[in-house]
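Single-letter residue listing:
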Amino acid sequence: MNRLIGVDVARCLALLGMIATHVLVARTPDGDLALWQSIAGGRASALFAVLAGVSLTLGSGWARRDRRPTRAERVVQLLVRALLIGALGLVLGGLDSGLAVILSYYAMLFVLAVPFLEWSARRLAVAAAVWVVLAPVLSHLVRPFLPDRGVDSPNLDQLSSPGELLAELFLTGYYPAFVWMAYLLAGMALGRLDLRRWQVAGAVAAGGAVLASAAKLISDEATRQADTLRALTGSASGEQREQFLDGIAGGMFGTTPAGETWHWLWVSAPHSGTPFDLAHTIGTSLLVLGVSLLVVAMLPAGLGRVLQVLTGAGAMTLSLYTLHVVMRTPQVWPAEEPDAIAWHLLVVLGIGAGFAVAGRRGPAEAVVRWVSRAAGGLASR
């Protein structure tokens, strides 16, 4: 199966956006939301999750029906992949990076994806839409009865308290897998489509723009209603309420406050996990993916190859995300300074380009692929 370069381009943009949210300051000296944060905040990680669903479909055998693996083989491959990525995420979570490491949550997404592996695009799209609406509601109902999450990323030390670890990974953490399944399902539905056709890419981009705009407009209108503002801010003054809205616009911590008013489900703040946050960020993810596919489709073959090299980081995001987390620790270069973003981007894009020119997989991707396929092969015997 030839790589869909547009998917790698979109994945590269997601990786760069996540790096920017980790390294750059979210607010200007005047206290305003920084431009890059208003663009990438919450959207880059959502795009990463949607593309994980796309890749899951493209790599599951559906795109090559002449060599479609058995269900047992697909399930074992996916579960082993989840185990390896989850273990890596727990190791990285124990580093002093100051980041909410996403990999352990992604591993849980892959486990949750098992029942949906053979679903059609239509069924997956319907499931994603239902998930967008119902998952935040169920989360809001259940989370008051769960343990409070820790302040750090999930790590190996938490294996001694598996119940609390699972609660954090599925519902209370920064990237709660149960709610984030909406992204994976949407991506899996996209992966069932013929993304090589520019008409499909255009429809994906247009649909994403409409969905993102509608979700944001409805949320903004609802959260500025007097009864909603009172429910969210209590007796705060008008100025304080505006400050509250500006504050949550910079992002939350994966969920709305547990056990508080249902009016929280109207907000679309980044990393709030509400229906409008999910709908908006699925929409922006579709827009970025559709535009990326269209750009690649319009380029001559030679320029397409140049773009593939320039965005080669998108073909090895597991390796480069891991490297980025390690680089964020105090013991590893570069120091946490304003110009550190340039070094992070240069390293990530440079390594990605080098591997693209060499036609090699990233080391983490190669290991995960080899081990999961070997395990899947044993299951098919």
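### Side note on the environment of Leu195
On the secondary structure map, Leu195 appears in the loop between helix H8 (177-191) and helix H9 (198-223). Between the C-alpha atoms of Leu195 and Gly247, which are 52 residues apart in sequence, the distance is 38 Å. If sequence neighbours within four positions are ignored, Leu195 has contacts with Leu4, Val54, Leu190, Val200 and Leu293.

### Here we look at the environment of Leu310
Looking at the element boundaries, Leu310 is found in helix H13 (residues 301-310). Residues Leu310 and Ser237, spaced 73 residues apart in sequence, show a C-alpha to C-alpha distance of 50 Å.

### A short note on the pattern of salt bridges
This structure, assessed with the given rule, holds 6 salt bridges. Here Asp8 makes a salt bridge to Arg11, at a shortest N to O gap of 2.7 Å. With Asp8 and Arg11 both in helix H1 (residues 5-23) and 3 residues apart, this pair spans about one turn of that helix. One exposure class covers both Asp8 and Arg11, and it is buried. When the shortest N-O distance is used, the salt bridge between Glu336 and Arg328 registers 3.6 Å. Note on Glu336: relative accessible area 65%, which makes it exposed. The exposure class of Arg328 is buried, given its relative accessible area of 13%.

### A short note on the confidence of the model for the protein
With 96% of its residues at a pLDDT of at least 70, the protein reaches an overall mean of 93. In this model residues 61-66 is a low-confidence stretch, pLDDT under 50, and it forms 11 contacts with partners more than four residues away in sequence or in other chains.

### What to know about the environment of Ala297
Mapped onto the secondary structure, Ala297 falls in helix H12 (residues 275-298). Given the relative accessible area of 45%, Ala297 is considered partly exposed.

### Section: a nonpolar patch on the surface
On the surface, Val126, Val130, Val133, Leu134, Leu138, Leu141, Val142 and Trp262 cluster together into a nonpolar patch covering about 680 Å² of accessible area. Structurally, Leu141 can be placed in helix H6 (residues 121-142).

### With respect to the packing of aromatic side chains
Summed over the entire model, instances satisfying the criterion amount to 12 aromatic pairs. Summarising the aromatic geometry, the rings of Phe244 and Trp264 are spaced 5.7 Å apart at their centres and angled 70 degrees between planes, so their arrangement reads as edge-to-face. Here Phe244 is found in helix H11 (residues 238-249), whereas its partner Trp264 is found in the loop between H11 and H12, with 20 residues between them in sequence. The pair formed by Phe244 and Trp264 is uniform in burial state, with each residue classed as buried. Here the aromatic cluster, defined as three or more aromatic residues joined through ring pairs, consists of Tyr105, Tyr174, Tyr175, Trp180, Tyr183 and Phe253. In this structure, Arg81 is placed above the aromatic ring of Phe110, and the distance from its NZ or CZ to the ring centre is 4.7 Å. The ring of Trp119 is capped by Arg123, whose NZ or CZ atom sits 3.9 Å from the centre of that ring.

### Focus: the side chain of Thr317
Topologically, Thr317 is positioned in helix H14 (residues 317-327). You can call Thr317 buried: its relative accessible area is 10%. Beyond its immediate chain neighbours, meaning those up to four positions away, Thr317 contacts Arg11, Leu15, Phe48 and Glu365.

### Here's the deal with H8
With 15 residues, H8 should reach 21 Å at 1.5 Å per residue; the first-to-last C-alpha distance of 20 Å fits that figure. Judged by how many residues are buried, H8 sits mostly within the fold: 14 of 15 residues are covered.

Scoring rules and cut-offs
- Residues numbered from 1 in each chain as written.
- Predicted model: local features only at pLDDT ≥ 70, side-chain atom pairs only at ≥ 80, totals over all residues.
- Heavy atoms only, no water.
- Helix = DSSP H or I, 4+ residues; strand = E, 2+ residues; numbered from the N terminus.
- Contact = heavy atoms within 4.5 Å.
- Salt bridge = Lys/Arg side-chain N within 4 Å of Asp/Glu carboxyl O.
- Buried < 20%, exposed > 50% of the residue type's maximum accessible area, 1.4 Å probe, protein only.
- pLDDT = per-residue confidence, 0-100.
- Patch = residues over 30% accessible without salt bridge, like charges linked within 9 Å, V, L, I, M, F, W, Y side chains within 5 Å.
- Areas by Shrake-Rupley, 256 points an atom, 1.4 Å probe, with all protein chains shown as cover.
- Phe/Tyr/Trp six-rings, centres within 6.5 Å; stacked < 30°, edge-to-face > 60°.
- Lys NZ or Arg CZ within 6 Å of the ring centre and 35° of its normal.
- Expected span 1.5 Å × (residues − 1).

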